[in-house]
Amino acid sequence: MSHTQGIRQVRKQKTRQALLDAALLLLEEQSLSGLGLREVTRAAGVAPTAFYRHFRDPADLGVALVEQALDSLHGTIGAILTATDGDEERIDRTVRAMAEYVRAYPAHVRFIARERHGGVRSVREAIAAQLRRFSEEVAAALAAEPVSAGWSRDELRMLADVYVDQMVMTASAFLDAAERRPETEHAPEGEHAPAAAEAEARVVSAARRRLRLIALGRRHWLD
């Protein structure tokens, strides 16, 4: 690749990322089905024609946002499954990973939570496909553990689906906790931090209890 081609490629990538960032910001207040192409390009500071060099339409951009939001989680979940020793360590690492992910990417989590059952079919399908990938990876990791001896492939996939659903539920709950506001209009400004911390502690407690229940059920499934 020549120097000129390299510069063009960098500029192209920057424009694409600017469109994704602008869309994600706009989607804080609306659903993807209501997002306009010109609205996105105006927020990104590019001409409307530039949009089509990167995406076919807003739905195609939404699919790219799904990939951006969830791709990085595959490695995290794989590390949790392969580097843990016992149920309690796995529970701790799972809950901590979900909390850290929400703190790092709140807008992405909000987008996935809203569009998972939203009005844009291609985006719903992209989210479902990513979650299936998670389940397949989790099932493969669980199959290698001694406690899974005697489990059928369908049973392992069912268990993996339960784990993944719990991860999604926990991420959404952490997002709600982070956005917790004082309930009264005239509450002191500083009340937000304690309220959010208390809400997050409740999410941690509930997530740990659910994951313990899953682990316990797993150990006795074949009884």
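The preceding data block contains the structure.
Structural notes, computed from the coordinates.

Quick notes on the rules
Residues numbered from 1 in each chain as written. Predicted model: local features only at pLDDT ≥ 70, side-chain atom pairs only at ≥ 80, totals over all residues. Heavy atoms only, no water. Helix = DSSP H or I, 4+ residues; strand = E, 2+ residues; numbered from the N terminus. Buried < 20%, exposed > 50% of the residue type's maximum accessible area, 1.4 Å probe, protein only. Areas by Shrake-Rupley, 256 points an atom, 1.4 Å probe, with all protein chains shown as cover. Lys, Arg positive; Asp, Glu negative; His and termini not counted. Charge placed at Lys NZ, Arg CZ, Asp CG, Glu CD. Phe/Tyr/Trp six-rings, centres within 6.5 Å; stacked < 30°, edge-to-face > 60°. 1 Å grid on protein atoms, 1.4 Å probe; cavity = no way out; pocket = protein on both sides within 12 Å on 5 of 7 lines; lining within 4 Å. Points joined across faces, edges and corners; volume = space filled by probe spheres on them. Nonpolar A, V, L, I, M, F, W, Y, C, P; charged D, E, K, R; others polar. Axes fitted to C-alpha atoms, helices over the stretch in contact; angles between N-to-C directions. Parallel < 35°, antiparallel > 145°, perpendicular 65-115°, else oblique. Left-handed = near helix turned anticlockwise from the far one by under 90°. Contact = heavy atoms within 4.5 Å. Patch = residues over 30% accessible without salt bridge, like charges linked within 9 Å, V, L, I, M, F, W, Y side chains within 5 Å. Salt bridge = Lys/Arg side-chain N within 4 Å of Asp/Glu carboxyl O.

The helix and strand inventory of the protein chain stands at 9 helices and 0 strands. Counting from the amino terminus, helix and strand elements in the protein chain follow one another as α-α-α-α-α-α-α-α-α. Dimensions along the principal axes, computed over C-alpha positions, put the protein chain at roughly 65 × 55 × 35 Å. Put simply, the protein chain has 223 residues, and 40% of those count as buried. A total accessible area of about 12,800 Å² is found for the protein chain, and carbon and sulfur atoms account for 52% of it. In the protein chain, 31 side chains carry a positive charge and 32 a negative one; their mean positions are 6 Å apart.

Glancing now at the packing of aromatic side chains. What describes a pair of aromatic rings is the distance from one ring centre to the other and the angle between the planes of the rings. For the structure on display, the rule yields 4 aromatic pairs. With a centroid separation of 5.7 Å and 80° between ring planes, the pair formed by Phe-51 and Tyr-52 is classed as edge-to-face. Accessibility expressed as a relative area gives 0% for Phe-51, which makes it buried. Ring geometry for Phe-51 against Phe-55: centres 5.7 Å apart, planes inclined by 50°, an arrangement best described as tilted. Neither Phe-51 nor Phe-55 differs from the other in exposure class; each is buried. Taken together, Phe-51, Tyr-52 and Phe-55 form an aromatic cluster joined through their ring pairs.

Taken as a whole, this structure holds 2 cavities of 30 Å³ or more when the rule is applied. Residue lining of the largest cavity: 16 residues in total, with Leu-70, Leu-73, Met-167, Val-168 and Ala-171 positioned closest to the centre. For the lining of the largest cavity, the secondary-structure elements that each account for two or more residues are helix H4 (58-82), helix H5 (87-104), helix H6 (106-115), helix H7 (121-143) and helix H8 (153-178). Among the elements that make up the lining of the largest cavity, the one with the highest residue count is H8 (5 residues). When grouped by side-chain class, the residues that make up the lining of the largest cavity number 14 nonpolar, 2 polar and no charged. Here the second largest cavity defines a volume of roughly 30 Å³.

Once that is clear, we can look at the packing of H4 against H5. Between H4 and H5, the least distance of the axes is 10 Å, while the angle of their chain directions is 160°. Taken together, the axes of H4 and H5 lie roughly antiparallel to each other. Here the hand of the crossing between H4 and H5 comes out right-handed. Contacts between H4 and H5 involve Ala-69, Leu-70, Ser-72, Leu-73, Thr-76, Ala-79, Ile-80 and Leu-81 from the first element and Arg-90, Arg-93, Thr-94, Ala-97, Met-98 and Tyr-101 from the second. Its residues assigned to classes, the contact of H4 with H5 shows 9 nonpolar, 3 polar and 2 charged.

With that settled, the discussion passes to the side chain of Asp-60. Counting through the fold element by element, Asp-60 comes out in helix H4. Asp-60 gets classed as buried once you look at its relative accessible area, which sits at 17%. When sequence neighbours within four positions are dropped, the list of residues in contact with Asp-60 reads His-54 and Phe-55.

Position of Ile-214 relative to the elements: it lies in helix H9 (residues 192-220). Measuring from C-alpha to C-alpha, the distance between Ile-214 and Phe-51 comes to 45 Å, with 163 residues separating the pair along the chain. If we ignore the near neighbours within four places in the chain, the residues touching Ile-214 are Leu-159, Val-162, Tyr-163 and Gln-166.

Here we come to a nonpolar patch on the surface. Taken together, the side chains of Met-158, Val-162, Trp-221 and Leu-222 define a hydrophobic patch exposed on the protein surface, amounting to about 360 Å² of accessible area. The topology assignment puts Val-162 in helix H8.

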